[in-house]
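Listed below are the residues making up each chain.
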Amino acid sequence: MQLAEKIFEGHHRECYAVAGQNLIVKKLKPRPKIFWIRADRFYRRNVNREEYDLYRCLPVTLREYFPSYVELKDDMLIMERITDFDGSFSKTVLEYGRVANEYFWKDVETIVEILKKERLWLFDIFHYGNNMVVKKVSEKVYRPVIIDFKRMGWNSYPLQVNLLFESECRKKFHRRLKKFVRRFKG
């Protein structure tokens, strides 16, 4: 597998396109050293493993809103690169801007209902708009596809002790959802 251009870089990983395939690879960044020791205890262990394990445990009803192909190989997370009906690569909600498509927002409502029912408080899917893409299924139908979903619960933010309580997790989730809708609903 030959990596092509870097698509995105976050705090914990870098995301690359795979040459000649509609795949992306998320590679872990090296952890920084603090005072001559590795800072492992201050950083999450392996976000690729966490995301892959979470993906495998998702309810079937939620899977249609995620990439259809997700695999973990040698600490690299490999997943489908989402494309639109015309063959172009789908843009993140942040890149796309305001989304004025009723199908997209109905799907967002469905995602929220499933997450509430299953009590899965995925904090990052609605955060900043860069963890979800707008997949154009046709000229008129757009669908949300969640491409980054590693933050759930207290382990994501261990210094926020309030997240030990489900009610606080639910509040954080709904705050981010509300900001997402206010910023991107067209």
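The notes below deal with the structure included here.

The rules we used
Residues numbered from 1 in each chain as written. Predicted model: local features only at pLDDT ≥ 70, side-chain atom pairs only at ≥ 80, totals over all residues. Heavy atoms only, no water. Helix = DSSP H or I, 4+ residues; strand = E, 2+ residues; numbered from the N terminus. Buried < 20%, exposed > 50% of the residue type's maximum accessible area, 1.4 Å probe, protein only. Contact = heavy atoms within 4.5 Å. Areas by Shrake-Rupley, 256 points an atom, 1.4 Å probe, with all protein chains shown as cover. Pairing = 2+ DSSP bridges. Axes fitted to C-alpha atoms, helices over the stretch in contact; angles between N-to-C directions.

### Some details on the overall build of the protein
Then comes step 1: Scanning the protein for helices and strands turns up five helices and ten strands.
Then comes step 2: Scored against the burial criterion, the 186 residues of the protein give a buried share of 44%.
Then comes step 3: Intrachain contacts of the protein at a sequence separation of at least 6 include 59% that bridge at least 24 residues.
Then comes step 4: For the protein, the accessible surface area stands at approximately 11,000 Å², while carbon and sulfur atoms represent 52% of it.

### Focus: the sheet that holds strand β8 (residues 91–92)
Then comes step 1: Read across the sheet, three strands follow the order β8-β9-β10 without closing on themselves; strand pairing throughout is antiparallel. Looking at which strands have only one partner, the edges of the open sheet turn out to be β8 and β10 (142–146).
Then comes step 2: Of the strand pairs in this sheet, strand β9 (residues 132–136) and β10 are connected by five bridges, and their pairing is antiparallel. In the strand pairing of β10, Lys136 is matched with Tyr142.
Then comes step 3: Its contacts with the sheet put helix α4 (residues 102–118) on β9 and β10, and the angle it makes with β10 is roughly 40 degrees.

### A short note on the sheet that holds strand β3 (residues 23–28)
One key point about sheets: their strands pair by backbone hydrogen bonds, in either a parallel or an antiparallel sense.
Then comes step 1: The five strands lie next to each other as β1-β2-β3-β7-β6, forming an open sheet whose pairing is antiparallel. One side of each edge strand has no neighbouring strand; the edge strands of this open sheet are β1 (3–9) and β6 (70–73). Recorded for the sheet is a direction-independent mean angle of 25 degrees between the axes of neighbouring strands.
Then comes step 2: In this sheet, strand β7 (residues 76–80) lies alongside β6 in antiparallel orientation, the contact comprising four bridges. Bridge pairing links Glu71 to Ile78 in β7.
Then comes step 3: Each of β2 (13–18), β3, β6 and β7 is contacted by helix α1 (residues 47–57), which is oriented at about 140 degrees to β6, the strand it contacts most.

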